[in-house]
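Each chain, written out:
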Amino acid sequence: MTTGPITGSAKGYLDLADVRGGRVPYRRVPLADGRHVDLYDSSGPYTDPDAVLDVDRGLPPRPGVIGGLGTQLQRARDGVVTAEMAFVAAREGLRPRLVRDEIAAGRAVIPANHRHPESEPMIIGRAFRVKVTANVGTSNLASGDSTLEDMVWSIRWGADTVVDLSTGRDGDRILRNAPVPVGTVPLHQTLETVQGDPAALTWEAFRDTVVEQAERGVDYMTVHAGVRLEHVPLTAGRVAGIVSRGGAIMAAWCLRRRTESFLYTHFDELCDILAHYDVTLALGAGLQPGSIADADDAAQFAELRTIGGLAKTAKARGVQVMVEGPGHLPLHVIADNVRLLDQLSHGAPSYAYGPLTTDVAPGHDHIASAIGAAVTAQAGTAMLCCVSPKEHLGVPDRAGLKEAVIAHKIAAHAADLAKGHAQTQQRDDALSRARFEFHWYDQFALSVDPDTARRAYEVSNSVGPAKLAHFYSLRISNALGHIGEQST
């Protein structure tokens, strides 16, 4: 695994006054003029040189984790500011009361299963920073160690959560070492238990998978409960058909059984299970358009209306819920889709893969996705799901995973600027000053990818890595003398 500090910055922590032993991480970037910029940091202890890491034992539990008192949504409605709410308020630089009120209204979620105490809480909602999530364990040959390495690699470059698609292989090892929320698609693992035959799926088998994953500590689960029997014929004339794996599985089940989806008919029972563990429900868009030609069709909107009703039901049963937006959309309809989804879901936070704005970018799909991601995030989408450069060509390698995360972090940052986020503007302004004043090292450290920026400079100016390393060691040692003095 890649560990150690991120170029040009030092790890620091804010003490949480109301949570004994609670510490909120950040990265401090010291600047040439003696000032500094503190950055939001989701990389966990893997970038802390003082951390003692043992992947066999896992990360230490976070102070203040309490189970059995209800979900974050239920407690927020009761007027309680939980330890998790206080944590994310400090991370976001906002008042805890605002965090509580947004959660109580169902406009934000904190994916924090109390059986995953190793995680550092984060919040997803339009009133907060736009978040980024990355898929790990996507290869059929992926081992537990390689999935763990992908997780550490993703959060190093800014992923706020990861979705483990390894269908249960060593999932506990991932959770015990994940400082970020971990999501899954339980239908994928359930399908393996019936030897890959969609028609053999049952509610009981799916329920058992959900309980097993919740017991391990999975923080949010993607469920394609909006795919109904009556919707499937609406996809018949599509160019790309049904591209969502979960959507295709449920469509096949409905057609072969000629009956309503068990995810839809057992939805109330599913909500009760999720509420027991405080697992956040991610209502997946199983009929999302898989090409620009299929965008804004009848199947897409039929499912969106169903998802909206399910989101309302889930919130009424105390479940934190977020909803997925369409996957392929031309630029001019993205904002309208975001507004419609917000209206139908009664303000539930939304997430999106892309949307990809064109189908002519194989090998560069992360760029087509990031363009749409910036637009959809500025319009209100709360979390961006990474699309890799070869999304439609094969399984991404580590270089592709990094490119995907970086592209979507740029999109998220651009959207936060457009939304007037003060700390995002501070970072941008600091880099602008550094560029104007030719403070190259400040530019590298403040950039979304310091290593690539540094290498580009070295190649262009024949500056040796040793000189830069010496400069950074002096700058960081000075910054470390000031870190840790702040508290909340």
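Note that this is a predicted model, so its numbers are computed, not measured.

Undergrad: An account of the overall build of the protein chain is needed here, citing residue identities and associated values.
TA: Scanning the protein chain from N- to C-terminus turns up 18 helices and 13 strands. When its C-alpha atoms are laid out on the principal axes, the protein chain stretches across 70 × 50 × 40 Å. Relative to its full complement of 488 residues, the protein chain shows a buried share of 58%. Expressed as a percentage of contacts within the protein chain between residues at least 6 apart in sequence, the contacts between residues at least 24 apart total 72%. Surface accessibility of the protein chain: about 19200 Å² in total, with carbon and sulfur atoms responsible for 52%. The distance from the centre of the 48 positive side-chain charges to the centre of the 57 negative ones in the protein chain is 3 Å.

Undergrad: Talk me through the packing of helix α12 (residues 331–344) against helix α13 (residues 365–379); I want residue IDs and the actual numbers.
TA: Two elements in contact, α12 and α13, have axes separated by 9 Å at closest approach and are oriented at 35 degrees. Every pair of crossing elements has a handedness; the one defined by α12 and α13 is right-handed. Contact residues: Leu 331, Ile 334, Ala 335 and Val 338 in α12; Ile 371, Gly 372, Val 375, Thr 376 and Ala 379 in α13.

Undergrad: Any details on the pairing of strand β9 (residues 220–223)? Residues and values, ideally.
TA: Within a regular strand, side chains alternate between the sheet's two faces. Neither face of β9 is left uncovered, since the one carrying Tyr 220 and Thr 222 and the one carrying Met 221 and Val 223 both have all their residues buried. Bridge analysis of strand β8 (residues 182–184) against β9 gives 2 bridges, and the strand direction is parallel. The residue of β9 that forms the bridge with Gly 183 is Tyr 220. Of the pairings in the sheet, the one linking β9 to strand β10 (residues 280–283) comprises 4 bridges and is parallel in character.

Undergrad: Go over a nonpolar patch on the surface with me, naming the residues and quoting the values.
TA: Together, Leu 331, Ile 367 and Ile 371 make up an exposed nonpolar region whose accessible area comes to about 250 Å². Tracing the backbone through its elements, the reader meets Leu 331 in helix α12.

Undergrad: Describe the packing of aromatic side chains, naming the residues involved and giving the relevant values.
TA: Applying the stated criterion across every chain, the model contains 8 aromatic pairs. Here the aromatic rings of Trp 153 and Trp 157 are separated by 5.5 Å at their centres, their planes lie at 85 degrees, and the arrangement is edge-to-face. A single burial state applies to Trp 153 and to Trp 157, both of which are buried. For the pair Tyr 441 and Phe 444, a centre-to-centre distance of 6.3 Å together with 85 degrees between the ring planes defines the contact as edge-to-face. Pair noted here: Tyr 441 and Phe 444 are both in helix α16 (residues 440–446), with a separation of 3 residues, about one helical turn. Each member of the pair, Tyr 441 as well as Phe 444, is classed as buried.

Undergrad: Hey, could you go over the UniProt feature "domain: ThiC-associated" (unreviewed entry) in the protein chain for me, with residue numbers and the actual values?
TA: Within this numbering scheme, the UniProt entry marks residues 7–61 as carrying the feature "domain: ThiC-associated" (unreviewed entry). For the annotated span residues 7–61, helix accounts for 0% and strand for 35% of the residues, and the straight-line distance between the end C-alpha atoms is 27 Å.

Undergrad: I'd like a description of the state of the cysteines, backed by residues and values.
TA: Applying the stated criterion across every chain, the model contains 0 disulfides. Cys 271 takes part in no disulfide bond, and the closest cysteine sulfur, belonging to Cys 254, lies 18 Å away. Here Cys 385 is not cross-linked by a disulfide; its sulfur's nearest cysteine counterpart is in Cys 386, at 7.8 Å. Of the residues examined, Cys 385 reaches a relative accessible area of 3% and is grouped as buried.

Undergrad: Describe the pattern of salt bridges, and please don't skip the residues or the numbers.
TA: Inspection of every chain in the model, using the stated rule, returns 28 salt bridges. In this structure, Arg 129 and Glu 92 form a salt bridge, with 4.0 Å as the shortest nitrogen-oxygen distance. Of this pair, Arg 129 sits in the loop between β5 (124–125) and β6 (131–136) while Glu 92 is found in helix α2 (residues 83–92), placing the two residues 37 residues apart along the sequence. You can call Arg 129 buried: its relative accessible area is 12%. Here Glu 92 falls in the buried class, since its relative accessible area comes to 2%. In this structure, Glu 118 engages Arg 176 in a salt bridge whose closest nitrogen and oxygen atoms are separated by 2.7 Å.

Conventions we followed
Residues numbered from 1 in each chain as written. Predicted model: local features only at pLDDT ≥ 70, side-chain atom pairs only at ≥ 80, totals over all residues. Heavy atoms only, no water. Helix = DSSP H or I, 4+ residues; strand = E, 2+ residues; numbered from the N terminus. Buried < 20%, exposed > 50% of the residue type's maximum accessible area, 1.4 Å probe, protein only. Contact = heavy atoms within 4.5 Å. Areas by Shrake-Rupley, 256 points an atom, 1.4 Å probe, with all protein chains shown as cover. Lys, Arg positive; Asp, Glu negative; His and termini not counted. Charge placed at Lys NZ, Arg CZ, Asp CG, Glu CD. Axes fitted to C-alpha atoms, helices over the stretch in contact; angles between N-to-C directions. Left-handed = near helix turned anticlockwise from the far one by under 90°. Pairing = 2+ DSSP bridges. Patch = residues over 30% accessible without salt bridge, like charges linked within 9 Å, V, L, I, M, F, W, Y side chains within 5 Å. Salt bridge = Lys/Arg side-chain N within 4 Å of Asp/Glu carboxyl O. Phe/Tyr/Trp six-rings, centres within 6.5 Å; stacked < 30°, edge-to-face > 60°. UniProt positions renumbered as here; feature names shortened; annotations may be inferred. Disulfide = S-S within 2.5 Å.

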